[in-house]
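# Close look at the chain arrangement
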Amino acid sequence: MFARRIFCQTARFLAAEAKHKHIDEMVKKAKVVVFMKGNPKEPQCGFSNAVVQIMRMHGVPYESYDVLQDEELRQQIKQFTNWPTIPQVFINGEFVGGCDIMLEMHKSGDLVEELEKAGIRSALLDAEPPNK
Amino acid sequence: MLLRSVRHSVKCFRDRAFPVSLNFAQNRLLATMGVPQAVLEAKLREKLQCTHVELSDLSDGCGQKFAAVIVSPQFVGKNLISQQRLVNAAIAEELEQIHAFTQKTYTPEAWEAVKK
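Residues numbered from 1 in each chain as written. Chains lettered and ligands numbered in written order. Predicted model: local features only at pLDDT ≥ 70, side-chain atom pairs only at ≥ 80, totals over all residues. Heavy atoms only, no water.

The annotation that UniProt attaches to chain B under Sequence similarities (unreviewed entry) is "Belongs to the BolA/IbaG family." (UniProt positions renumbered as here; feature names shortened; annotations may be inferred.)

Chain A goes by Glutaredoxin-related protein 5, mitochondrial in an unreviewed UniProt entry, where it is assigned to Galendromus occidentalis.

### Focus: the overall build of chain B
Tallying secondary structure elements over chain B gives six helices and three strands in all. Seen in sequence order, chain B has helices and strands lined up from the N terminus as α-α-α-β-β-α-α-β-α. Taking all 116 residues of chain B together, 34% fall into the buried category. When contacts within chain B are restricted to residue pairs at least 6 apart in sequence, long-range pairs at least 24 apart make up 59% of them. Accessible area for chain B stands at about 7400 Å²; split by element, carbon and sulfur atoms hold 57% of it. (Helix = DSSP H or I, 4+ residues; strand = E, 2+ residues; numbered from the N terminus. Buried < 20%, exposed > 50% of the residue type's maximum accessible area, 1.4 Å probe, protein only. Contact = heavy atoms within 4.5 Å. Areas by Shrake-Rupley, 256 points an atom, 1.4 Å probe, with all protein chains shown as cover.)

### Describing the interface of chain A and chain B
In this assembly, 18 residues from chain A lie in contact with 18 residues from chain B. When the two sides are added together, the surface that chain A and chain B hide from each other amounts to roughly 1600 Å², 65% of it contributed by carbon and sulfur. Summed over the three residues of chain A that lose the most area to chain B, namely Arg12, Trp83 and Asp100 of chain A, the buried surface amounts to 33% of that side. Inspection of the chain A/chain B interface yields zero salt bridges. (Buried area = accessible area lost by both parts, 1.4 Å probe. Salt bridge = Lys/Arg side-chain N within 4 Å of Asp/Glu carboxyl O.)

### A look at helix α4 (residues 99-108) of chain A
The set of residues buried in α4 of chain A consists of Cys99, Asp100, Ile101, Met102 and Met105 of chain A. Buried residues belonging to α4 of chain A abut α2 (46-58), β5 (88-91), β6 (94-97) and α5 (110-117) of chain A together with α4 (80-90) and β3 (100-106) of chain B.

### Quick notes on the sheet that holds β6 of chain A
All names here are of chain A. Across the sheet, which stays open at both edges, the four strands sit in the order β4-β1-β5-β6 with mixed pairing between neighbours. In this open sheet, the two strands that pair with only one neighbour each are β4 (63-66) and β6. Here the strands of the sheet are splayed against their neighbours by 25° on average, with no regard to which way each runs. In the packing of α2 onto the sheet, contacts are made with β1 (32-36) and β5, and the angle to β1 comes to roughly 160°. (Pairing = 2+ DSSP bridges. Axes fitted to C-alpha atoms, helices over the stretch in contact; angles between N-to-C directions.)

### A short note on unusual backbone geometry
Residues and elements named next belong to chain A. Here Ile86 and Pro87 are connected by a cis peptide whose omega angle stands at 5°. Along the polypeptide, Pro87 turns up in the loop between α3 (71-81) and β5. For Asn82, which is not glycine, the phi dihedral falls at a positive 55°. Tracing the backbone through its elements, the reader meets Asn82 in the loop between α3 and β5.

### As for the side chain of Ser122 of chain A
All names here are of chain A. Locating Ser122 in the fold gives a position in the loop between α5 and α6 (123-126). Looking at Ser122, its side chain comes within polar contact range of the side chain of His58, at 2.8 Å. Excluding anything up to four places from it in sequence, Ser122 contacts His58, Val112 and Leu115. (Polar contact = N/O pair within 3.5 Å; in protein donor to acceptor, adjacent residues only side chain to side chain.)

### What about the packing of aromatic side chains?
Under the definition given, this model contains six aromatic pairs over all chains. Seen in terms of ring centroids, Phe90 of chain A and Phe95 of chain A are 5.6 Å apart; in terms of plane orientation they differ by 50°. Their pairing is tilted. Across this residue pair, the class does not change: Phe90 of chain A and Phe95 of chain A are buried. Ring geometry for Tyr106 of chain B and Trp111 of chain B: centres 5.3 Å apart, planes at 40°, overall tilted. (Phe/Tyr/Trp six-rings, centres within 6.5 Å; stacked < 30°, edge-to-face > 60°.)

### So, the pairing of β6 of chain A
Residues and elements named next belong to chain A. Where β5 meets β6, three bridges bridge the pair, whose relative direction is antiparallel. Bridge pairing in β6 links Ile91 to Glu94. The hairpin turn running from β5 into β6, its antiparallel successor, is two residues long, and Asn92 in that turn takes a positive phi close to 55°.

### What to know about the pairing of β1 of chain A
Residues and elements named next belong to chain A. Across the five residues of β1, five count as buried, placing the element largely inside the fold. Residues Val32, Val34 and Met36 line one face of β1 and the alternating positions Val33 and Phe35 line the opposite face, and both faces are buried. For β1 and β5, the ladder comprises four bridges, and the chain directions are antiparallel. Bridge pairing links Phe35 to Gln88 in β5. In this sheet, β4 lies alongside β1 in parallel orientation, the contact comprising four bridges. Looking at the pairing, Met36 lines up with Asp66 of β4.

Next comes the structure, spelled out in structure tokens:
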């Protein structure tokens, strides 16, 4: 009885670990990874769409996961980052933030820097300078 | 199966560690009603000692979609993600009932600069 309980607890612990390991692999699959609602071609939420548009402006190649296709993933990613909302953006395997933070970083120029650290040159740097 | 039991044990632990004073019916009501703006604002002011809170209910009154501008001295010296984590933690309970929450956080100093 007692041994069984220990076995069960160990199994549970290992299962939880395995799940997180799975997410760990997902967030490192590309330099930039986005967990979103819908896919880049058809975002299913305004916030996810905003992130897609920011990435497009900067010409960033990225891997995306649609949490609407996988309820378990949706809950797991929230636990993994301890962040309550979707979308969630990872650069170089590090959680960078959600939509609000991406927008702020985009406006402040921090995003260009952050991408550079990951070895990605923002397309905005090569864009024609705005007319003065 | 395993996952479900893990979830269950987590939930049991959570319930035990953070007993909720509301009964089931009240909880259900809350879950379908969203969160009153005043409750959210009071909680933010209290927990983060906010000097300024600006909430906009974008949900046409159902209380499930908010945009917030939050100014707190607790944000000083913290990066954006840490600031927003503070906010998320302060209203974690309410966030479960809110469908969409967008926030802008400022230190009092940064807020003065924005206002100008």
